Amino acid sequence: MTNDPIDFDDQSVVHHWVHSSFDNQGTVVPAEVRTKLHLKGLLPPGVDSFENQEARALEQLRVKKTDLDKYIFLAWLKNTNLQLFYRLLLDNLEEITPIIYTPTVGAACLQYSHILPFLAPPGQPDGLFISINDLDNLDEIFTNYKASLDEPALTPQITVITDGSRILGLGDLGVNGMGIPVGKLQLYVAAAGLDPRRTLPICLDFGTNTDKYLKDDLYLGLRQTRPADEQFYAAVDKVMTALTRHFPHIFIQFEDFSSEHAFELLHKYRDNYFCFNDDIQGTGAVILSGFINAIKQAGIEATDHRILFHGAGSAGVGVAKQLMEYFVIEHGLTEEEAKKKFWLSDSKGLITLDRGDKLAQHKVFFARNDNHGHQSKNLLDTIDYVKPTALIGLCAQSGVFDKAVLNRMAALNQKPIVFPLSNPSANAECTFEDAMVHTDNRVIFASGTAFPAYTIPGTNETRVPGQGNNMYIFPGLGLGATLAKPRVITDTMIYAAARALANSLNEEEKSHSFLYPRLTRIREVSVDVAAALCRQALDDNVALDKVVQSLPNSTALREHAKVNMWSPVRTTDSIIGSKI
């Protein structure tokens, strides 16, 4: 209802406006409107400015003693004054993003059942919870959700779905995993301007195998263990069918499913549903982008690189497959030739076909068959055997890239590429400081979580670490997807998004040898990514949107993406429309 005149004679409209966390801006509402809305006496007499309202919220945020307290405060703010929340977030992006998402969201998920009542007013859903015991009631569940919307005509364009089985590096959190879809969708809004009223967080409560939660009196999920695979896939099928029946054009993002389920769900649905897996495809794309720029700095030919992954879950294998595409598309290698550039290791050592253990199916693709019986049982032995130019970590083992590992990478390479990508920061394979110290400050670095800048001792030179944050990819990808409405998300569209991110560095960022643009430019970057995705959807002949089909070139696509980004209101006229 924002930007529409308020019909003060229609009591249902007035009631909605007064009680809407989206429309009613509280202390900034002008005096004459307070009278017409019968708010006189219900607010302090002073009419606030947007700047003061935001300053007051920022002051309250900063006096909170812990990051979890800050998370709770911001969640309450979002659910009571949504426009103020997004103004605060956009104006303080680098400060607030680590609170609403990684690393703080991990701590929030661990406590989710204990803090949920304090995140939103009573009766206001934080998202949609779908129990495996309610599969016969899915139509009722989606109907209830539609009835809870501020504006039922604004049906969801995008959903993020988790089953809580592998939350960040924290394991099976069950229904407590809802914090992830909630946080992810906040980033879609902030970074790419999706309309917050058209986002839908979903947690599939299929139980949990974590004994701690089954015994926790305050746990809010089902107190039962997870189903066998046959029942699991049948249950997800029912959810997907009902979801797309109620919201036929919704963009579906799978998030933080267990590795085996994540790969299987993507394989099962990607050719038949408008869907995407951020852990596999998004992580792969953002690391591919950083890797493209790292190769430019490393000083050796791209095809001479040898890439070692430590960690072979869904994210590790997904990233490796995305990087493989770079060698195929950019350098003309066959898939088999490109695959030979990669070695993967896990807790048992180098992954080979003759290692002697039964490999999980998703690990088989990169398992080596040219090792001639050689087996490396630990990471340092694997490095000595592979002699990698790039070391990428997605194993969620803190400190596994230790002094010996980093020293060896520095001995092998003038500019070693080291990407410790595990989240949250407590699970990172190494810190930026450790990487700098143990490589004689020669490392080309990107992490999955934010690390502080490092000043080289005895100099005034400060280096800023790269952060392979999925936020650089998935918001722009989601914006482009909701605009182009492709039948499916193709591999070439993912690659186009990654290449657009790599090309988005400005001259100042290039001069500092950045791998990624500054986070403060995220909306500009998301426009680039969205336009590239739309362009590729057209080239792949899968874009269904008539407007996108009519746009003549990339410049027009960029402008189309830009004008379709939602932004929080910053003037009174934007709140109340023209009729007061």
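Residues numbered from 1 in each chain as written. Predicted model: local features only at pLDDT ≥ 70, side-chain atom pairs only at ≥ 80, totals over all residues. Heavy atoms only, no water.

The chain goes by Malic enzyme in an unreviewed UniProt entry, where it is assigned to Dimargaris verticillata. The record held by UniProt for the chain lists under Sequence similarities (unreviewed entry) the comment "Belongs to the malic enzymes family." (UniProt positions renumbered as here; feature names shortened; annotations may be inferred.)

**Student:** Describe the overall build of the chain, and please don't skip the residues or the numbers.
**Tutor:** Secondary structure assignment for the chain yields 27 helices and 14 strands. When its C-alpha atoms are laid out on the principal axes, the chain stretches across 80 × 60 × 50 Å. Every one of the 580 residues in the chain was classed for burial, and the buried ones make up 59%. When contacts within the chain are restricted to residue pairs at least 6 apart in sequence, long-range pairs at least 24 apart make up 71% of them. (Helix = DSSP H or I, 4+ residues; strand = E, 2+ residues; numbered from the N terminus. Buried < 20%, exposed > 50% of the residue type's maximum accessible area, 1.4 Å probe, protein only. Contact = heavy atoms within 4.5 Å.)

**Student:** Help me get a handle on the packing of helix α9 (residues 138–148) against helix α12 (residues 229–246), residues and values and all.
**Tutor:** Their axes nearest at 10 Å, the elements α9 and α12 cross at an angle of 40 degrees. What the angle tells us is that α9 and α12 run oblique. Seen along the crossing, α9 lies across α12 with a hand that is right-handed. Of the residues in α12, those in contact with Leu138, Asp139, Phe142, Thr143 and Lys146 of α9 are Lys238, Val239, Ala242, Leu243, Arg245 and His246. The residue makeup of the contact of α9 with α12, split by class, is five nonpolar, two polar and four charged. (Axes fitted to C-alpha atoms, helices over the stretch in contact; angles between N-to-C directions. Parallel < 35°, antiparallel > 145°, perpendicular 65-115°, else oblique. Left-handed = near helix turned anticlockwise from the far one by under 90°. Nonpolar A, V, L, I, M, F, W, Y, C, P; charged D, E, K, R; others polar.)

**Student:** Which residues make up the UniProt feature "binding site: (S)-malate" (unreviewed entry) in the chain, and what values go with them?
**Tutor:** Taken from the UniProt record, the annotation "binding site: (S)-malate" (unreviewed entry) applies to Arg166, Asn423 and Asn469. Looking at where asparagine 423 falls in the secondary structure, it is placed in the loop between β10 (417–420) and α20 (432–437). Those residues in contact with asparagine 423 that sit more than four places away from it in its chain are Thr102, Leu168, Gly169, Gly448 and Thr449. Mapping asparagine 469 onto the fold places it in the loop between β14 (466–467) and α21 (474–484).

**Student:** So what about the sheet that holds β14? Which residues, and what values?
**Tutor:** A sheet is described by the order of its strands in space; here seven strands give the open sequence β8-β7-β6-β9-β10-β11-β14, paired in mixed fashion. Two strands in the sheet have a free side with no partner beyond their single neighbour: β8 (349–350) and β14. By the bridge criterion, two bridges tie strand β7 (residues 342–346) to β8 in an arrangement that is antiparallel. Residue pairing for β8: aspartate 346 is matched across the bridge by glycine 349. Taken strand by strand, helix α14 (residues 278–298) contacts β6 (307–310), β9 (390–393), β10 and β11 (444–447), and its axis lies near 160 degrees from that of β10. Strands β6, β7, β8 and β9 of the sheet are contacted by helix α18 (residues 379–386), whose axis makes an angle of about 165 degrees with β6. (Pairing = 2+ DSSP bridges.)

**Student:** Tell me about the side chain of threonine 283, and please be specific about residues and values.
**Tutor:** Locating threonine 283 in the fold gives a position in helix α14. Of the polar contacts made by the side chain of threonine 283, one reaches the backbone oxygen of aspartate 279; its length is 3.2 Å. When residues no more than four places from it in sequence are discounted, the contact partners of threonine 283 are Asp278, Val319 and Asn470. (Polar contact = N/O pair within 3.5 Å; in protein donor to acceptor, adjacent residues only side chain to side chain.)

**Student:** Please provide a residue-by-residue account of the UniProt feature "active site" (unreviewed entry) in the chain, values included.
**Tutor:** Under the UniProt annotation, "active site" (unreviewed entry) lies at Tyr101 and Lys184. The largest pairwise C-alpha distance within this set of annotated residues, which runs over 84 residues, is 7.2 Å, so the set is compact in three dimensions. Tracing the sequence through the fold places tyrosine 101 in the loop between α6 (93–100) and α7 (104–110). With a relative accessible area of 9%, tyrosine 101 lands in the buried category. The residues touching tyrosine 101, leaving out its near neighbours within four places in the chain, are Ile180, Gly183, Lys184, Leu187 and Glu255. Considering the arrangement of structural elements, one finds lysine 184 in helix α10 (residues 179–192). Overall, the relative accessible area of 3% leaves lysine 184 in the buried class. Beyond its immediate sequence surroundings of up to four residues, lysine 184 is in contact with Tyr101, Val160, Gln253, Glu255, Asp278 and Phe474.

**Student:** Explain the sheet that holds strand β2 (residues 158–162) to me, using residue names and the numbers behind them.
**Tutor:** On the basis of which strands lie adjacent, the open sheet formed by five strands has the order β1-β3-β2-β4-β5 and parallel pairing. One side of each edge strand has no neighbouring strand; the edge strands of this open sheet are β1 (128–131) and β5 (275–277). The mean angle between the axes of side-by-side strands here comes to 25 degrees, regardless of whether they run parallel or antiparallel. With four bridges connecting them, β1 and strand β3 (residues 199–205) associate as parallel partners. The partner of isoleucine 130 across the bridge, within β3, is leucine 204. Sitting on the sheet, α9 is in contact with β1 and β3, with an inclination near 170 degrees to β1.

**Student:** I'd love a proper account of unusual backbone geometry, names of residues and values included.
**Tutor:** Excluding glycine, residues mostly have negative phi values, and the peptide bonds linking residues are mostly trans. In this chain, threonine 102 is followed by proline 103 through a cis amide linkage whose omega measures 5 degrees. Among the secondary structure elements, proline 103 is positioned in the loop between α6 and α7. The backbone phi angle of aspartate 256 is positive, close to 55 degrees, even though this residue is not glycine. By secondary structure assignment, the location of aspartate 256 is in the loop between β4 (251–254) and α13 (259–269).

**Student:** Requested: an account of the side chain of aspartate 163, with residues and values cited.
**Tutor:** By secondary structure assignment, the location of aspartate 163 is in the loop between β2 and α10. A distance of 2.6 Å separates a polar atom in the side chain of aspartate 163 from a polar atom in the side chain of serine 165. Those residues in contact with aspartate 163 that lie beyond four places of it in its chain are Gly174, Leu204, Arg226, Phe232, Glu255, Asp256 and Phe257.

**Student:** Please give an account of the packing of aromatic side chains that cites residues and values.
**Tutor:** Centre-to-centre distance and the angle between the planes together describe a pair of aromatic rings. Summed over all chains, the structure comprises 25 aromatic pairs. Aromatic side chains phenylalanine 327 and phenylalanine 342 sit 6.1 Å apart centroid to centroid with 80 degrees between the ring planes, which places their arrangement in the edge-to-face category. Of this pair, phenylalanine 327 sits in helix α15 (residues 314–331) while phenylalanine 342 sits in strand β7, and the two are 15 residues apart along the sequence. An aromatic cluster is defined as three or more aromatic residues linked by ring pairs; in this entry it consists of Phe206, Phe232, Tyr233, Phe254, Phe257, Tyr269 and Tyr273. Geometry around phenylalanine 365 places lysine 321 over its ring, the cationic atom sitting 4.7 Å from the centre. Sitting above the plane of the phenylalanine 365 ring, lysine 339 keeps its charged end 4.3 Å from the centroid. (Phe/Tyr/Trp six-rings, centres within 6.5 Å; stacked < 30°, edge-to-face > 60°. Lys NZ or Arg CZ within 6 Å of the ring centre and 35° of its normal.)

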